[in-house]
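Summary of the model geometry
If you want the building blocks of each chain, they are given just below.
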Amino acid sequence: MRKNLLLFIVCAAALCACSGKKEWNTSQRQQMRDRLKAYRQWVYLNNMTDAEYMVFTDGVVGTLEEYYPNYGVLVTYPAVDDTISQVVVTAIVEDITTDAHNMRHLFPYNHLVKQGILPRGMTRDQQKAYYQCLADKINNGYISMRSFLWQAMQSNVDSTRVGMFQRGCAQELSLDVVSDVDKEPAKNHKNNDMNSNKR
């Protein structure tokens, strides 16, 4: 079904390109940016800053204009929403493929710290190594990153499986989380030493 949809989109793009080479005007680009606001709550995109999201949507608008130079033809397609969704997902996959550190938009570092998966105070290089490991595990564990993203957007991802990937990368990179319980003996030992000195 998805392959047929993708084939339809490709054919539609070719037809649109042949129907007259045109460039979008400023108003049309802004209309598409406004339309893309509906995607702001998608996984990955909802963890971007406003500045990051603006750059992302500019890229999507540029891709749509390249494939569909005739704006009027694009927006009147019955499958226009599916077309835009496909381009958005492709842009996300390219983001992650270009820099695995962008996986942080799917699994924010602070959330992983709160879940007890990662320790606080990791350097940027440590975080990049972790997200590269996680991206590799997801690529190997699913048909493709695109397949994983579609499942994530439909809330069909096996959280237990993903959790195993997350913890597996933390273990492989020796990123040990020190809990408050682990810190307590050291704290008590220090207090005992202070009490001994008082005597």
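Please refer to the structure higher up on the page.
In short, a report on the structure. (Residues numbered from 1 in each chain as written. Predicted model: local features only at pLDDT ≥ 70, side-chain atom pairs only at ≥ 80, totals over all residues. Heavy atoms only, no water.)

Below, the discussion takes up the overall build of the chain. Counting its regular elements, the chain contains 10 helices and zero strands. If you list the helices and strands of the chain from N to C, you get α-α-α-α-α-α-α-α-α-α. Every one of the 199 residues in the chain was classed for burial, and the buried ones make up 38%. A separation of at least 24 residues holds for 74% of the contacts in the chain among residues at least 6 apart in sequence. Working note: accessible area of the chain is about 12200 Å², and carbon and sulfur atoms make up 52% of it. (Helix = DSSP H or I, 4+ residues; strand = E, 2+ residues; numbered from the N terminus. Buried < 20%, exposed > 50% of the residue type's maximum accessible area, 1.4 Å probe, protein only. Contact = heavy atoms within 4.5 Å. Areas by Shrake-Rupley, 256 points an atom, 1.4 Å probe, with all protein chains shown as cover.)

Moving on, we get to the nonpolar core. Among the nonpolar cores identified, the biggest contains 51 residues, and M103, F107, L118 and Y130 are the most heavily contacted of them. Ranked by the residues each element gives to this core, the list is headed by helix α5 (residues 80–98), at nine residues. Apart from the residues lying within four places of it in its own chain, the contact partners of Y130 are L112, I117, L118, M122, Q166, C169, A170, L173 and L175. (Core = buried A, V, L, I, M, F, W, Y, C linked by side-chain atoms within 4.5 Å.)

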